[in-house]
Amino acid sequence: MDISRRNMLIAAAATPAALQGTGALASTADAAPSAAMLAQRPPMGWNSWNSFAGTINEAQALETAAIMRDRLLPFGYDIFTVDIQWYEPEASGYVYNDAPVPALDAHGRLVPAPNRFPSAGGGEGFAPLGRQIHAMGLKFGIHVMRGIAREAVRRNLPIHGTDLRARDIADISSTCAWNPDMYGVDMSKPGAQDYYDGLFRLYASWGVDFIKMDDMSRPYDPHAPEIEAAATAIARCGRPMVLSVSPGETPLLRGDHVRRHAQMWRISDDFWDEWPLLEAQFTRLENWTPWRAPGAWPDADMLPLGRLALGERDSRFTPAEQRTLMTLWSIARSPLIMGGDLRHLDAATLALLTNREVLQVNQRSIGNRPHFVADGQRVWTARAEDGDDLYLALFNLTDSARETGVMLRQIGAEGPVMLRDLWEGRDLGRADDRIAAMLPAHGAALYRLRAA
């Protein structure tokens, strides 16, 4: 069987039976992205949560952004994101203050705490920081919480552009289970969409390119109107912004809804450097395969690599598990958002993040799909966007070293093929019927297959 015929088989197999009757999704999964589409490829960048919690300040942000510009931007990591509680003057770590008094503008919109972001004073907000981030060639992202600040409701501040006030739109019964900052917005109330429109116009004036919006998907259905409101507000604000919906396990049954309103959506709770959490992401990424498409990326969360947790420790993942993490995120085309402290970026972590052949799989592959061939292992394939070559990822999920392999016919192919090891950057020669490797516990391999 030639490579073209093999690829046709793989593409056909990638359309699950569950999608029969949803032809639009099945036919567009590998469609070429349009020039106007947001997030045509999986977003790549850095986020402050894994290393700074809610404590990052302006000096730390600029220092980190400069390192990102020099060491990661050349490889495609271009979104710099300030995560949660940049508006909280007393933020101290991963535990939130019970009764925060955040920085607000006159219309109840959260603004950067000036003691942490001095350039935000005088009503400037994040605009000065945004300009400096853009000057480095990076895009600027911020984390926001769903809803309206409780402090704005307590003070009953006016809603921008209306005669209404915060209490007119707040739903005080809708609160986040783990963060005390916000109330939900009742989207059935007059002024609710105006509030979100004004919020995103403010972000546009700051030069924001990327919004990570939290407390949006647990539970999903009650929060769906606010997901829609955010998407509508972005469309009206005059500036393109990628919307990333977080956290929790977005329900598979709401895949069509979330992909119509956001470009990224989290498929799990916060992902940290523990093997059981990594192992669980295999099933989640497998399940979300039908919904993956240009401009619509199931998000397995950030990469907890390098120095983490306010500098208290390095990643607990073994070297083999770190390679597995990057291999899975790449072959499944999850966004690649580094979470470790770039001020302590070691050579091994940098090499892991910047392997150009591996990044090519994440950014320029199609037909990405799992295969189920044996217990204790996982197999994924994809097609190269620029030709007929196949990508093949092998994973050993067991606790011991073992040979892990697959017959070519099991992935819809026939030999012979020429094999290239992408992690090692070297050609391995010809394979006629089967591809196998001795992998360490929790290890992975990633290959490119070309017709011999």
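How each quantity is defined
Residues numbered from 1 in each chain as written. Predicted model: local features only at pLDDT ≥ 70, side-chain atom pairs only at ≥ 80, totals over all residues. Heavy atoms only, no water. Helix = DSSP H or I, 4+ residues; strand = E, 2+ residues; numbered from the N terminus. Rg over C-alpha atoms; globule rule 2.2 N^0.38 Å. Buried < 20%, exposed > 50% of the residue type's maximum accessible area, 1.4 Å probe, protein only. Contact = heavy atoms within 4.5 Å. Areas by Shrake-Rupley, 256 points an atom, 1.4 Å probe, with all protein chains shown as cover. Phe/Tyr/Trp six-rings, centres within 6.5 Å; stacked < 30°, edge-to-face > 60°. UniProt positions renumbered as here; feature names shortened; annotations may be inferred. Expected span 1.5 Å × (residues − 1). Pairing = 2+ DSSP bridges. Salt bridge = Lys/Arg side-chain N within 4 Å of Asp/Glu carboxyl O. Domains from an automatic or database assignment. Buried area = accessible area lost by both parts, 1.4 Å probe. Polar contact = N/O pair within 3.5 Å; in protein donor to acceptor, adjacent residues only side chain to side chain. Axes fitted to C-alpha atoms, helices over the stretch in contact; angles between N-to-C directions.

## Some points on the overall build of the protein
For the protein, the count of helices and strands is 14 helices and 21 strands. A globule of 452 residues ought to have a C-alpha radius of gyration of about 22 Å, and the protein, at 23 Å, matches this closely. C-alpha atoms of the protein, sized along the principal axes, occupy 70 × 50 × 35 Å. A total of 452 residues make up the protein; the buried ones form 59% of that total. Partitioning the intrachain contacts of the protein with sequence separation of at least 6 by distance along the chain shows that 73% fall at a separation of at least 24. A total accessible area of about 17300 Å² is found for the protein, and carbon and sulfur atoms account for 50% of it.

## A word on the packing of aromatic side chains
In total, this model carries 18 aromatic pairs according to the counting rule given. Aromatic pair Y195 and Y196: ring centres 5.3 Å apart, planes at 65°, arrangement edge-to-face. With respect to burial, Y195 and Y196 carry one shared label: buried. By the ring-pair criterion, three or more aromatic residues cluster together here, those being W86, Y87, F117, F126, F140, F200, Y203 and W206.

## Observations concerning the UniProt feature "domain: Alpha galactosidase C-terminal" (unreviewed entry) in the protein
Under the present numbering, the feature "domain: Alpha galactosidase C-terminal" (unreviewed entry) in UniProt falls on residues 375-449. Structurally, residues 375-449 comprises 0% helix and 59% strand, and the distance from its first C-alpha atom to its last is 24 Å.

## Focus on helix α12 (residues 319-331)
Between the first and last C-alpha of α12 there are 18 Å, a value that for 13 residues agrees with the 18 Å anticipated at 1.5 Å per step. Buried residues of α12: A320, E321, Q322, T324, L325, M326, T327, L328, W329, S330 and I331, and no others. Residue R333 follows α12 closely and has a positive phi angle near 60°.

## Some details on the sheet that holds strand β4 (residues 148-149)
Strand order in the open sheet made by the three strands is β4-β6-β5, with antiparallel pairing throughout. In the strand order of this sheet, the two ends are held by β4 and β5 (170-175), each with one partner. Judged from the two bridges that link them, β4 and strand β6 (residues 182-185) form a sheet pairing that is antiparallel. Its bridge partner being in β6, A149 is matched across the sheet by M182.

## Concerning the pattern of salt bridges
Using the criterion set out here, one finds 34 salt bridges in the structure. Residues R259 and D256 are paired through a salt bridge, measuring 3.3 Å at the closest nitrogen-oxygen approach. On the criterion of helical spacing, the pair formed by R259 and D256 is a turn pair, its members being three residues apart in helix α10 (residues 255-261). Among the salt bridges present, the one from D256 reaches R260, with a minimum N-O distance of 3.0 Å. Highlighted residues: D256 and R260, both in helix α10, separated by four residues, approximately one helical turn. On the accessibility criterion, R260 (53% relative accessible area) is exposed.

## Here we look at unusual backbone geometry
Omega for the bond connecting R218 with P219 falls within 30 degrees of zero, at -10°, which places this linkage in the cis form. Of note, P219 is situated in the loop between β7 (210-214) and α9 (220-236). Geometrically, the link from S246 to P247 is a cis peptide bond, its omega value of -15° lying close to zero. In this structure, A39 takes a positive phi of about 50° despite not being glycine. In this fold, A39 is placed in the loop between α2 (23-28) and β1 (44-47). For R333, which is not glycine, the phi torsion reads 60° and is therefore positive. Residue placement: R333 occurs in the loop between α12 and β13 (336-338).

## What about the side chain of T404?
By the secondary structure assignment, T404 is in strand β17 (residues 402-407). Residue classification places T404 among the buried positions, given a relative accessible area of 0%. Once residues lying within four places of it in the same chain are set aside, the contact partners of T404 are Q377, L394, F395, N396, I435, A436, A437 and L439.

## Quick look at the domain arrangement of the protein
Here the protein is partitioned into domain 1 (44-354) and domain 2 (371-451). Between domain 1 and domain 2, the C-alpha centre-to-centre distance is 35 Å. Of the roughly 1600 Å² buried where domain 1 meets domain 2, counting both sides, 67% is carbon and sulfur surface. The interface formed by domain 1 and domain 2 includes two salt bridges. Between R323 and E424 there is a salt bridge whose closest N-O contact spans 3.2 Å.

## Regarding helix α4 (residues 58-71)
Taking 1.5 Å as the rise per residue, α4 with 14 residues should run 20 Å; its terminal C-alpha atoms sit 20 Å apart, in good agreement. Inspection of α4 places E58, Q60, A61, T64, A65, A66, I67 and M68 among the buried residues, and these make up the whole buried set. Of the residues that open α4, the one with a side-chain oxygen 3.2 Å from the backbone nitrogen of A59 is N57.

## Considerations on the sheet that holds β1
Spatial strand order, β10-β9-β8-β7-β3-β2-β1-β13: eight strands in an open sheet with parallel pairing. The sheet is open, and its two edges are formed by β10 (297-299) and β13, each paired on a single side. The average undirected angle you get between the axes of adjacent strands in this sheet is 25°. Judged from the two bridges that link them, strand β8 (residues 242-245) and strand β9 (residues 264-266) form a sheet pairing that is parallel. If you follow S244 over to β9, its bridge partner there is M264.

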